[in-house]
Amino acid sequence: MTQTNNNMTVNPDLAMERAKCNFNVLEVTHIFDGGERNTLQRKKIEDVALNSGASKDALGEEHMSPKEKYENAVRKSCIYATMMKNELAELSGLESFGVSSPVIRRTADAFFKEVSPFLLHLGMFVPTIMGQCTPEQQSYWLPRALDMQIIGTYAQTELGHGTFIRGLETTATYDPETEEFVLHSPTLSSYKWWAGGLGKTVNYCIVVAQLYTKGECHGTHPFIVQIRDEDTHVPLPGIKVGEIGPKMGFNTADNGFLGFDHYRIPREHMLMKNAQVLKDGTYVKVARHGKLTYGTMVFVRVVLVNEVAFNLAKASTIAVRYSAIRRQSKPKPDEVEPQILDYVTQQHKLFIAIATAHALQLCSTWLWESFSAVLAQMKGGNTDTLPEFHALSSCLKAISTSDSAHLIEQCRHACGGHGYMISSGIPNLYNFVSATRTYEGDYTVLLLQTARFLVKAYEQAEAKKPLTPTVSYLAHAFSGSRATWDNSPDGIIRSFQALAAGKTAVCVTNMRKRMRAGLSQVDAWEMSTIQLVAAAEAHCRAVIADTYRKEIVRLTANSSPNVKVVMDQLTTLYLYYWALERTGDLLMFTSVSQKDLVDLQIAYEELLLKIRPNAVGLVDAFDLRDELLHSTLGSYDGRVYERLMEEALKSPMNKEPVSDAYSKYLRPMMKGKL
Ligand SMILES: CCCCCCCCCCCCCCCCCCCCCCCCCCCC(=O)SCCNC(=O)CCNC(=O)[C@H](O)C(C)(C)COP(=O)(O)OP(=O)(O)OC[C@H]1O[C@@H](n2cnc3c(N)ncnc32)[C@H](O)[C@@H]1OP(=O)(O)O
Ligand SMILES: Cc1cc2nc3c(=O)[nH]c(=O)nc-3n(C[C@H](O)[C@H](O)[C@H](O)COP(=O)(O)OP(=O)(O)OC[C@H]3O[C@@H](n4cnc5c(N)ncnc54)[C@H](O)[C@@H]3O)c2cc1C
């Protein structure tokens, strides 16, 4: 039986859930959006972009051939780009359209079940022009890129190297006679590989290559390179470019390969904010910090924390709504089958996903603000805060992408068989988010970058030198006693810090032991990397827990009492969950007892029950329109079975009553005539 709600037929179980929600959903939406103003602005943008129906496909992407899918994605990207230029830019209050507006980025998800072939243009090509060009270069390239007169991508990774940027093989050799750089791919492994949009869409790209001038190599530098004719789009002579083939996801992003055969570009096409090559070939270093050419990657790592929080919010919305309408099993023979959301194990799978979406969303805003502060300092020539920020953005990128991918997969498990349907929306979310763990710096590699910083900070703490804010807790690592356990939120956060400090101390001790036993510093480091990754992970969890808690306390200071309660429950759930996931570590590095842990488990289970009545309200508060969810299981009205059947009937396989395969293969085989 269904019920009507605001002219919409709503599944009665969902209607009942909404009726029993005891907090003001809109207030929580404002918290998630970062304030009421942002919510209003977001809704305006969504209305303009989505109400016309331009985001909809007549036939689902999943039924199209790869070529049709790509062409459809280009078609819709062009529609969306035009909207961005004409209407959305003004609404988003930006001077230059689109760039750095997460709302515009998010709204684009209604147009693409996978991704837009323009993603790299706005995500990396434009930011690189903004971050790596001199003002003169910027004034030439930026207006053309923002107006989409040219479309670009970021081609750094090669067949042979992605992680180790210093090992890239593409060369850019300066020729002072003609004042040009000669780009060349000396080996198969030096072919650029992976850049999004490179296969068919873009006509320009940022190419990262080893710079040679006057016979000397100066390491990797970025260049802006035209690869296709601006009118015909035909690849230019000296360029070999194509698409790399089917992938787990990103199949509408035409990721490509690119090789150069002594291909010449003007000297001015080297991006010269951080280093320059003069007309006579003299190399001049401008930047104060050697790694500023890695700036676009740092920017994207920051953006990705927000990106995965959003995608996790989508997956938890789908799985929680579905769990409210799905009834299964009969634990009490005289009662109706319960909603699967009533099973505590289901709550254990799902509520941590909601809490993590909140934790990562708030951390992403905080990280973005810290990034803006670092950029402002660097404008004044001060790069002192960059190492700490690199360590922070590296670990937050690694942990947020990894946790989100894991929890999205958990949401799929929570939806049983139907979660495996493409139409549930979850497989596409998983395929997209699992790639974020790899690209823009692999998980392990980035945690090891954070570990370098932690080890140095530990040595500073040991020498009683001042520490930067995110590692100030290391100062307590030398007290000689284990941290005192207490199960208050602040107590748990202190314990997480004690774990991070304890694990870092173990790494340092082991490395010193290994070096005393004769290993080189590099080998001693290598032998300790499993523990170094664990130390960096623990550090990151302490940072997320601390930031989430502080931000929620701040943001709910003026909230209504029930909102305060439910936000506090969610934060506490997050802390209990991770404490229970790390009981072994807590026993090693804090005074926690077996009884404390048994009590904590019970407190956690009771918290799940307290959150249960508000679960649907909590995911409604993410305020994700059906167009963004692309889900038969998660739409607002909960008409799950009807939608599953409607989608099944759209399958081209159901067009004819008998498949051609019957007469071609089945019949001959069954009649013994094959
Ligand atoms: C209009 C169209 C509409 C259509 C719709 C379109 C829809 C889009 C709408 C858009 C709306 C607008 C929104 C804009 C935003 C959009 C964003 C969207 C999301 C973004 C998605 C983008 C998709 C991206 C796809 C993937 C792209 C890529 O993957 S690019 C390639 C990335 N590659 C890597 O990350 C490589 C990883 N490797 C490294 O970083 C390094 O090699 C290394 C760090 C591992 C090691 O480096 P190195 O060997 O040089 O250093 P090392 O010797 O280890 O260390 C020396 C010291 O240097 C320090 N260090 C290292 N790196 C840094 C750094 N970055 N900063 C500071 N310091 C650094 C290091 O710590 C060492 O320090 P010490 O210990 O002190 O010595
Ligand atoms: C969907 C997608 C889109 C992409 N888009 C782009 C793009 O637009 N532009 C672009 O330039 N690139 C792009 N990439 C490439 C991406 O940035 C790289 O794949 C990524 O940086 C990882 O590098 P790799 O592939 O060389 O992995 P590898 O470094 O070969 O990693 C393989 C394994 O080795 C381990 N490993 C490597 N080095 C170390 C180490 N020092 N210590 C311990 N373990 C190590 C890793 O942890 C991993 O488990 C994209 C990739 C994907 C999947």
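Fair warning: this is a prediction, and the values are worked out from it, not measured in the lab. (Residues numbered from 1 in each chain as written. Chains lettered and ligands numbered in written order. Predicted model: local features only at pLDDT ≥ 70, side-chain atom pairs only at ≥ 80, totals over all residues. Heavy atoms only, no water.)

Helix and strand counts for the protein come out as 22 helices and 13 strands. The C-alpha atoms of the protein give 27 Å as radius of gyration, which agrees with the globular expectation for 674 residues (26 Å, within 12%). Within the protein, the fraction of its 674 residues that count as buried is 54%. Restricting the contact set of the protein to residue pairs at least 6 apart, pairs at least 24 apart contribute 73%. Accessible surface, the protein: about 30,100 Å² in total, of which carbon and sulfur atoms supply 55%. Side chains of the protein carry 71 positive and 72 negative charges; the gap between the two charge centres is 3 Å. (Helix = DSSP H or I, 4+ residues; strand = E, 2+ residues; numbered from the N terminus. Rg over C-alpha atoms; globule rule 2.2 N^0.38 Å. Buried < 20%, exposed > 50% of the residue type's maximum accessible area, 1.4 Å probe, protein only. Contact = heavy atoms within 4.5 Å. Areas by Shrake-Rupley, 256 points an atom, 1.4 Å probe, with all protein chains shown as cover. Lys, Arg positive; Asp, Glu negative; His and termini not counted. Charge placed at Lys NZ, Arg CZ, Asp CG, Glu CD.)

In total, this model carries 3 cavities of 30 Å³ or more according to the counting rule given. Each pocket or cavity is described by its volume, and for the largest cavity that value is around 170 Å³. Around the largest cavity, the lining comprises 16 residues; the ones closest to its centre are Phe112, Lys113, Lys314, Asn428 and Leu429. Elements with a minimum of two residues in the lining of the largest cavity: helix 8 (295-325), helix 11 (426-436) and helix 20 (626-629). No other element matches helix 11, which puts 3 residues into the lining of the largest cavity. In terms of residue class, the lining of the largest cavity is made up of 7 nonpolar, 4 polar and 5 charged. (1 Å grid on protein atoms, 1.4 Å probe; cavity = no way out; pocket = protein on both sides within 12 Å on 5 of 7 lines; lining within 4 Å. Points joined across faces, edges and corners; volume = space filled by probe spheres on them. Nonpolar A, V, L, I, M, F, W, Y, C, P; charged D, E, K, R; others polar.)

By the secondary structure assignment, His269 is in the loop between strand 11 (263-266) and strand 12 (275-277). Ignoring anything within four residues of it in the chain, the contact list for His269 reads Trp141, Phe223 and Ile224.

For the structure shown, the criterion picks out 40 salt bridges. Residues Arg75 and Asp57 are paired through a salt bridge, measuring 3.7 Å at the closest nitrogen-oxygen approach. Pair noted here: Arg75 is in helix 4 (residues 66-91) and Asp57 is in the loop between helix 3 (36-50) and helix 4, with a separation of 18 residues, a long-range link. When its relative accessible area of 40% is taken as the criterion, Arg75 is described as partly exposed. Between Lys113 and Glu62 there is a salt bridge, with its nearest N and O atoms 3.1 Å apart. Within this pair, whereas Lys113 is found in the loop between helix 5 (102-107) and helix 6 (119-132), its partner Glu62 is found in the loop between helix 3 and helix 4, the two being separated by 51 residues in sequence. (Salt bridge = Lys/Arg side-chain N within 4 Å of Asp/Glu carboxyl O.)

This brings us to the sheet that holds strand 6 (residues 192-195). Taken in spatial order, the 3 strands of this open sheet run 6-10-9, and their pairing is antiparallel. Two strands close off the open sheet at either side, each with one partner strand: strand 6 and strand 9 (239-243). Adjacent strand axes in the sheet meet at a mean angle of 20 degrees, parallel and antiparallel pairs treated alike. When strand 6 meets strand 10 (residues 256-260), the two strands line up antiparallel, connected through 3 bridges. When the sheet's bridge partners are listed, Lys192 is paired in strand 10 with Leu258. (Pairing = 2+ DSSP bridges. Axes fitted to C-alpha atoms, helices over the stretch in contact; angles between N-to-C directions.)

So, on to a positive patch on the surface. Together, Arg166, Lys285, Lys291, Arg452 and Lys456 make up a positively charged patch on the protein surface. Inspection of the secondary structure puts Arg452 in helix 12 (residues 443-462). (Patch = residues over 30% accessible without salt bridge, like charges linked within 9 Å, V, L, I, M, F, W, Y side chains within 5 Å.)

On to helix 7 (residues 135-146), then. An ideal rise of 1.5 Å per residue puts 16 Å on 12 residues; helix 7 measures up with 16 Å between its terminal C-alpha atoms. Taken as a whole, helix 7 has its buried residues at Gln137, Trp141, Leu142, Arg144, Ala145 and Leu146. Close packing links the buried residues of helix 7 with helix 6, strand 7 (204-213) and strand 8 (216-226). In the stretch just after helix 7, Met148 is the one whose phi turns positive, near 60 degrees. (Expected span 1.5 Å × (residues − 1).)

Around ligand 2, a shell composed of 20 residues is seen, among which Tyr154, Thr157, Gly162, Thr163 and Asp442 lie nearest. A distance of 2.9 Å is found between an oxygen atom of ligand 2 and a backbone nitrogen or oxygen belonging to Gly162. Here Thr163 contributes a side-chain N or O atom positioned 2.5 Å from an oxygen atom of ligand 2. For ligand 2, the accessible surface in isolation is 970 Å², of which the surrounding protein chains cover 63%. Looking at the shell around ligand 2, the element that brings in the most residues is helix 12, giving 3 residues. Looking at side-chain class alone, the shell around ligand 2 contains 9 nonpolar, 9 polar and 2 charged residues. Two domains each put at least three residues into the shell around ligand 2: domain 1 (121-287) and domain 2 (443-620). (Near = heavy atom within 4 Å. Polar contact = N/O pair within 3.5 Å; in protein donor to acceptor, adjacent residues only side chain to side chain. Domains from an automatic or database assignment.)

The subject of this paragraph is the site of ligand 1. Around ligand 1 there are 41 residues in total, and Thr163, Lys291, Tyr294, Arg452 and Lys456 lie nearest to it. Contact between ligand 1 and Gln156: a nitrogen atom at 3.3 Å from a side-chain N or O atom of the residue. Summarising the interface, the protein chains cover 88% of the accessible area of ligand 1, which totals 1,600 Å² for the free molecule. Taken together, the residues that form the shell around ligand 1 break down as 21 nonpolar, 13 polar and 7 charged. Here the shell around ligand 1 spans two domains, and each of domain 1 (121-287) and domain 2 (443-620) adds at least three residues to it.

The biggest cluster of nonpolar side chains holds 171 residues, and the ones touching the most others in it are Tyr80, Phe351, Leu474, Ile544 and Met567. It is helix 8 that contributes the most residues to this core, 19 residues altogether. When residues of this core are assigned to domains, at least three map to each of domain 1 (121-287) and domain 2 (443-620). Counting residues in each nonpolar core, the second largest holds 30 residues, with Val202, Leu211, Phe223 and Ile239 among its members. (Core = buried A, V, L, I, M, F, W, Y, C linked by side-chain atoms within 4.5 Å.)

Examined against the element boundaries, Tyr283 turns out to sit in strand 13 (residues 283-285). Residues Tyr283 and Glu307 lie 24 residues apart in sequence; the distance between their C-alpha atoms is 38 Å. With residues up to four places along the chain from it excluded, the contact list for Tyr283 reads Leu211, Thr213, His218, His221, Ala275, Gln276 and Val277. A polar contact is formed between the side chain of Tyr283 and the side chain of His221, at a distance of 2.7 Å.

Here we come to the pairing of strand 8. Of the strand pairs in this sheet, strand 7 and strand 8 are connected by 9 bridges, and their pairing is antiparallel. Bridge pairing links Gln210 to Thr220 in strand 8. Between strand 7 and the antiparallel strand that follows it, strand 8, lie 2 residues; Lys214 among them carries a positive phi value of about 50 degrees.

This next bit is on helix 22 (residues 660-670). A distance of 2.9 Å separates the backbone nitrogen of Ala661 from a side-chain oxygen at the start of helix 22, and that oxygen is part of Ser659. Just past helix 22, the residue Gly672 takes up positive phi, approximately 70 degrees.

It is the contact of helix 8 with helix 9 (residues 344-379), at a shortest axis distance of 8 Å, that shows an interaxial angle of 155 degrees. The angle between helix 8 and helix 9 falls in the class roughly antiparallel. Classified by chirality, the crossing of helix 9 by helix 8 is left-handed. The residue makeup of the contact of helix 8 with helix 9, split by class, is 19 nonpolar, 7 polar and no charged. (Parallel < 35°, antiparallel > 145°, perpendicular 65-115°, else oblique. Left-handed = near helix turned anticlockwise from the far one by under 90°.)

This next bit is on the environment of Glu230. Its place among the elements puts Glu230 in the loop between strand 8 and strand 9. Residues Glu230 and Asp637 lie 407 residues apart in sequence; the distance between their C-alpha atoms is 47 Å. When near neighbours in sequence (up to four residues on either side) are disregarded, Glu230 contacts Arg144, Ile150, Asn203 and Tyr204. Of note is the side chain of Glu230, whose polar atom sits 2.7 Å from the side chain of Tyr204.

Our next topic: the domain arrangement of the protein. Domain annotation of the protein identifies domain 1 (121-287) and domain 2 (443-620). Computed from C-alpha coordinates alone, the two centres of domain 1 and domain 2 are separated by 41 Å.

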